[in-house]
Amino acid sequence: MGKQHIAATHLPFSSRHLSVLAKQQGLIFRSLNQLNTWVCGVMYQVKAFEEAPVPATGPALIVCDHSALGDPLVLIATAGRPVQFLMAAEIYAHPLIKWAFKSFGCIPVQRGKRDIKAIRTMLDSLASQEVIGLFPEGGLDKHRLDEGHLGIGYLAIKSGAPVIPASIVWEGPHSTTSMIKTLFVPSKASVRYGKPLEFGQAAKPSKEAMQSCTKEIMKQIEALRASILSGASSA
């Protein structure tokens with residue numbers, strides 16, 4: 001007998017997901033958080049299958065598939081804790097919006113090369129008990145690797161932080177190039193988080209360990225995405 005699928009129960013987006021305040025207090029951060037709450041609640045009609053299993057304290061890595069510019073906004077709105085994202089240095093440096101990225105603690109990275117400074121910044125943030133958000137495939141256009149970059153496995157093993165896999169599925173228009181369209185064109189987003197994954201910590205992760213870790217994380221993300229698309233309940 002085949003496995004019976006159970007209809008998924010969606011939790012409507014709620015501002016309570018933002019109840020854990022960031023360390024960087026201030027009018028700019030609060031205003032941007034409120035704008036993000038509005039965008040996710042009204043423009044994206046965000047639906048979550050369950051609350052994110054991000055630990056209330058301590059370091060964590062949220063690793064999610066990436067198909068739209070709005071992905072970070074959905075994770076910020078539903079993770080339950082402030083999330084620092086790795087982002088392309090050329091986008092971070094944009095003079096008109098750099099202030100916003102800086103307010104959220106985004107970490108610029110030089111794409112297409114091994115950026116030691118960005119890696120150290122992420123490790124320092126994890127050591128300071130922060131939450132880091134990563135998109136393992138890389139960018140939406142250039143330097144994309146669908147099987148996941150090994151840097152994900154490196155960070156997970158080097159830091160020893162729990163990894164929370166996640167998947168976001170969009171219905172309707174979702175831009176990969178325009179932030180204006182991302183913020184103001186209505187769409188629908190569903191997000192699902194998986195159970196935290198633990199990997200043995202090592203000061204110098206081997207290539208084999210990084211490959212195995214990255215492969216397992218991508219496998220979990222793929223399963224989460226499939227469960228959203230099929231409407232199945234997670235185990």
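The present account deals with the structure reproduced in this document. (Residues numbered from 1 in each chain as written. Predicted model: local features only at pLDDT ≥ 70, side-chain atom pairs only at ≥ 80, totals over all residues. Heavy atoms only, no water.)

**Side note on the packing of helix 5 (residues 116-127) against helix 6 (residues 151-159)**
Then, number 1: At their nearest, the axes of helix 5 and helix 6 sit 11 Å apart, and the two run at 40 degrees to each other. One element, helix 5, and the other, helix 6, form an angle in the oblique class. Crossing of helix 5 over helix 6 shows right-handed handedness. Where helix 5 approaches helix 6, its residues Ile119, Met122, Leu123 and Leu126 are matched on the opposing element by Tyr154, Leu155, Lys158 and Ser159.
Then, number 2: Partitioning the contact of helix 5 with helix 6 into residue classes produces six nonpolar, one polar and one charged. (Axes fitted to C-alpha atoms, helices over the stretch in contact; angles between N-to-C directions. Helix = DSSP H or I, 4+ residues; strand = E, 2+ residues; numbered from the N terminus. Parallel < 35°, antiparallel > 145°, perpendicular 65-115°, else oblique. Left-handed = near helix turned anticlockwise from the far one by under 90°. Contact = heavy atoms within 4.5 Å. Nonpolar A, V, L, I, M, F, W, Y, C, P; charged D, E, K, R; others polar.)

**Quick look at the packing of helix 1 (residues 27-43) against helix 2 (residues 71-78)**
Then, number 1: Running from N to C, helix 1 and helix 2 cross one another at 105 degrees; their axes reach a closest spacing of 10 Å. Taken together, helix 1 and helix 2 sit at an angle that is classed as roughly perpendicular. When helix 1 is examined against helix 2, the residues Asn33, Asn36, Val39 and Cys40 are found in contact with a partner set consisting of Leu73, Val74, Ile76 and Ala77.
Then, number 2: For the contact of helix 1 with helix 2, the class distribution of residues is six nonpolar, two polar and no charged.

**Comments concerning the side chain of Gln84**
Then, number 1: With respect to the secondary-structure elements, Gln84 resides in strand 4 (residues 84-88).
Then, number 2: Given a relative accessible area of 15%, Gln84 falls into the buried group.
Then, number 3: Reaching out from Gln84, the side chain makes a polar contact with the backbone oxygen of Gly105 at a distance of 3.1 Å.
Then, number 4: Among the polar contacts made by the side chain of Gln84, one reaches the side chain of Ser125 at a distance of 3.4 Å.
Then, number 5: For Gln84, the residues in contact, after removing those within four places along its chain, are Phe104, Gly105, Ile107, Ser125, Glu130, Val131, Ile132 and Gly133. (Buried < 20%, exposed > 50% of the residue type's maximum accessible area, 1.4 Å probe, protein only. Polar contact = N/O pair within 3.5 Å; in protein donor to acceptor, adjacent residues only side chain to side chain.)

**Digging into helix 2**
Residue pairs three or four apart in sequence face the same way in an α-helix, which turns once every 3.6 residues.
Then, number 1: Where burial is concerned, most of helix 2 is hidden: eight out of the eight residues are buried.
Then, number 2: Of all the residues in helix 2, the buried ones are Asp71, Pro72, Leu73, Val74, Leu75, Ile76, Ala77 and Thr78.
Then, number 3: Positioned one or two residues after helix 2, Gly80 has a phi angle of 85 degrees, which is positive.

**Considering the pattern of salt bridges**
As a working rule, side chains carrying opposite charge can pair if their charged atoms are close by.
Then, number 1: For the structure on display, the rule yields two salt bridges.
Then, number 2: The salt bridge involving Arg192 is made with Glu50; its shortest N-O contact spans 3.4 Å. Here Arg192, found in strand 8 (residues 188-193), pairs with Glu50, found in the loop between strand 2 (47-48) and strand 3 (60-64); they are 142 residues apart in sequence, far enough to count as distant.
Then, number 3: Here Arg225 and Asp65 are joined by a salt bridge, their closest N and O atoms 3.3 Å apart. Of this pair, Arg225 sits in helix 8 (residues 207-230) while Asp65 sits in the loop between strand 3 and helix 2, and the two are 160 residues apart along the sequence. (Salt bridge = Lys/Arg side-chain N within 4 Å of Asp/Glu carboxyl O.)

**Re the packing of aromatic side chains**
Then, number 1: Applying the stated criterion across every chain, the model contains three aromatic pairs.
Then, number 2: Relative to Trp170, the ring of Tyr44 lies with its centre 4.9 Å away and its plane at 85 degrees, an arrangement referred to as edge-to-face. Of this pair, Tyr44 sits in the loop between helix 1 and strand 2 while Trp170 is found in strand 7 (residues 163-171), placing the two residues 126 residues apart along the sequence.
Then, number 3: An angle of 25 degrees between the planes, with centres 6.4 Å apart, marks the rings of Tyr92 and Phe101 as stacked.
Then, number 4: Judged by relative accessible area, which is 13%, Tyr92 ranks as buried. (Phe/Tyr/Trp six-rings, centres within 6.5 Å; stacked < 30°, edge-to-face > 60°.)

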